[in-house]
Amino acid sequence: MSGAESRLAAAELLHLTLDKRRTLDEAMTLSDTYNALEGSDRGFARAIAYSALRHLGWIDATVQPFLSRPLSATGIEIRALIRAGAAQVWFLDVAPHAAVNATVDAARLTRGARSGGSFLNAALRRVSEATPPGETLPAENIWPAWLRAQLIDSLGSDGARALAEAQRAEPALHLTAAKAPAALAALIGGPLLASGSVEAPTGAVEELPGFAEGQWWVQDQAAALPAKLLAAKPGERVLDLCAAPGGKTLQLAATGASVTALDRSAPRLERLHENLARTGLTAEVIVAEGEAFLPERAFDKVLLDAPCSALGTLRRHPEGAWIKTEADVARFPAVQARLLASAAGMLTPGGTLIYCVCSPLAAEGRDVVNAALANGILVRVPVSAAECPGFEDCLTPEGDVLTLPGPSRDCDAFYMARLAKASK
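Predicted, not measured: the structure shown is a model, and the values here were computed from it.

Reading the values: the criteria
Residues numbered from 1 in each chain as written. Predicted model: local features only at pLDDT ≥ 70, side-chain atom pairs only at ≥ 80, totals over all residues. Heavy atoms only, no water. Core = buried A, V, L, I, M, F, W, Y, C linked by side-chain atoms within 4.5 Å. Buried < 20%, exposed > 50% of the residue type's maximum accessible area, 1.4 Å probe, protein only. Helix = DSSP H or I, 4+ residues; strand = E, 2+ residues; numbered from the N terminus. Contact = heavy atoms within 4.5 Å. Axes fitted to C-alpha atoms, helices over the stretch in contact; angles between N-to-C directions. Parallel < 35°, antiparallel > 145°, perpendicular 65-115°, else oblique. Nonpolar A, V, L, I, M, F, W, Y, C, P; charged D, E, K, R; others polar. 1 Å grid on protein atoms, 1.4 Å probe; cavity = no way out; pocket = protein on both sides within 12 Å on 5 of 7 lines; lining within 4 Å. Points joined across faces, edges and corners; volume = space filled by probe spheres on them. Expected span 1.5 Å × (residues − 1). Pairing = 2+ DSSP bridges.

Trainee: Quick one: what's the story with the nonpolar core, residue by residue and with numbers?
Mentor: Among the nonpolar cores identified, the biggest contains 128 residues, and I82, W90, W143, L304, L340 and Y355 are the most heavily contacted of them. Looking at which element gives the most residues to this core, the answer is helix α6 (residues 76–91), with 10 residues. Beyond its immediate sequence surroundings of up to four residues, L340 is in contact with L304, L353, Y355, V368, V369, A372, L378 and L419. In this structure, L175, I188, A200 and V205 belong to the second largest nonpolar core, which totals 10 residues.

This is the structure we're talking about:
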């Protein structure tokens, strides 16, 4: 039964994400089978699940012809094990005989899959003999059809394909320095990126030098750009609207501005409280609905990182493409529009507002901003290439920024626009 437990744990993680619509992080806390593993066995189970989720569209389309009935009609345990087995053979370089035998052994460990061992064995043997889907299918077919269509509509065929190809690679971990990025890079032994972020070496991030002293925090380099474009100055009143988990709040506080961080979720703000204490930075933290918040005084600058589909983070959370539905995504633009209108109302005349979402969809980014500009309360302030080092090629024709990962840049997909409130 060598290795069977890891395969069973991977299948349970896939079941919890795809059938119960949990995030992979949530699934890892809920799976008793996964949590019973230790060390490399646990890491291997996670790698199988992660790879299967990254390539799920490819896996399901390629496996289906090998089955005597639709994949969706197989039992949930068998379905998860087929996906786990295919991921091992096609994407993790596991020897086919080892992947097939250990995954079939895993089926014998659970009552729900035990009777389907022969079916699973036949399917996985055909998988082991087949041409890998990466050689036969377009990169963007890793996603469900509805998402593929929306991303092609927003980014074009080439842009969607590049985003899909980037999703297949393990993303780097970036750090934002509280003070001196070059000194942080030297301290931890990671490269200083053109954006000013530092790429962390592999390993446990909490064990890197400077963590306990609050010299840095984890933040994707694209996620760090909106606060930089806001250009907060010491003494300015700045609002971080929808602030949790708080990376942008820390950036703003480090400028010396008087920062208010607001979010509707008290539990999600706990991490911000912890990071403020660790870094020694200060901000007023308020739990409130962004649309209903009425400040006593207007703010000089506002950063609105609006709730969104989070489809820009599929490299780190590939399950998002499968646990969200088209209807889930469609509800965000109305929320975003209301929050942007509220943010404008909290801003002093002439003040600056950054609107951003971790989504590449035009419906959540460009379209929301263009609609908000129609009443003349806000005007667009185009971003220049000099203001976004490392992202110079990410400027849109209107002067907004849409960061996309690619061969020369490891980042999440983020849309941001800089706006100003018209003076009276």
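Read on for the rest.
Trainee: Requested: an account of the packing of helix α1 (residues 4–18) against helix α7 (residues 96–107), with residues and values cited.
Mentor: Here α1 crosses α7 at 70°, and the two axes come no closer than 8 Å. Put simply, α1 runs roughly perpendicular to α7. Residue-level contacts link A4, R7 and L8 of α1 to A98, A99, A102, T103, D105 and A106 of α7. Here the contact of α1 with α7 is built from residues that sort into 6 nonpolar, 1 polar and 2 charged.

Trainee: I'd like to hear about empty space enclosed by the protein, residue by residue, with values.
Mentor: The final tally for this structure, using the stated rule, is 1 cavity of 30 Å³ or more. Approximately 50 Å³ is the volume found for the largest cavity. Lining the largest cavity, in full, are W143, L163, Q167, L311, G312, L314, R315, P405 and A413.

Trainee: Explain α6 to me, and be specific about the residues and the numbers.
Mentor: Structurally, the α-helix is built with 3.6 residues per turn, so residues lying three or four positions apart point the same way. With 16 residues, α6 should reach 22 Å at 1.5 Å per residue; the first-to-last C-alpha distance of 22 Å fits that figure. Most of α6 is tucked away: 14 of the 16 residues are buried. Following α6 by one or two positions, D93 adopts a phi angle in the positive range, close to 55°.

Trainee: Give a detailed account of the layout of surface pockets, specifying residues and quantitative values.
Mentor: Taken as a whole, the second largest pocket holds about 260 Å³ of empty space. Along the walls of the second largest pocket sit 17 residues, with T176, A177, A178, K228 and Q251 positioned nearest its centre. Of all elements in the fold, only β1 (174–177), α12 (225–230) and α13 (247–254) reach the threshold of two or more residues within the lining of the second largest pocket. The residue makeup of the lining of the second largest pocket, split by class, is 10 nonpolar, 5 polar and 2 charged.

Trainee: Outline the sheet that holds strand β3 (residues 216–218), listing residues and values.
Mentor: Spatially, the 3 strands line up as an open sheet ordered β2-β1-β3, and their pairing is antiparallel. With one partner strand each, in any of the chains shown, β2 (198–199) and β3 form the two edges of the open sheet. In this structure, β1 lies alongside β3, joined through 3 bridges in antiparallel fashion. Bridge pairing in β3 links T176 to W217.

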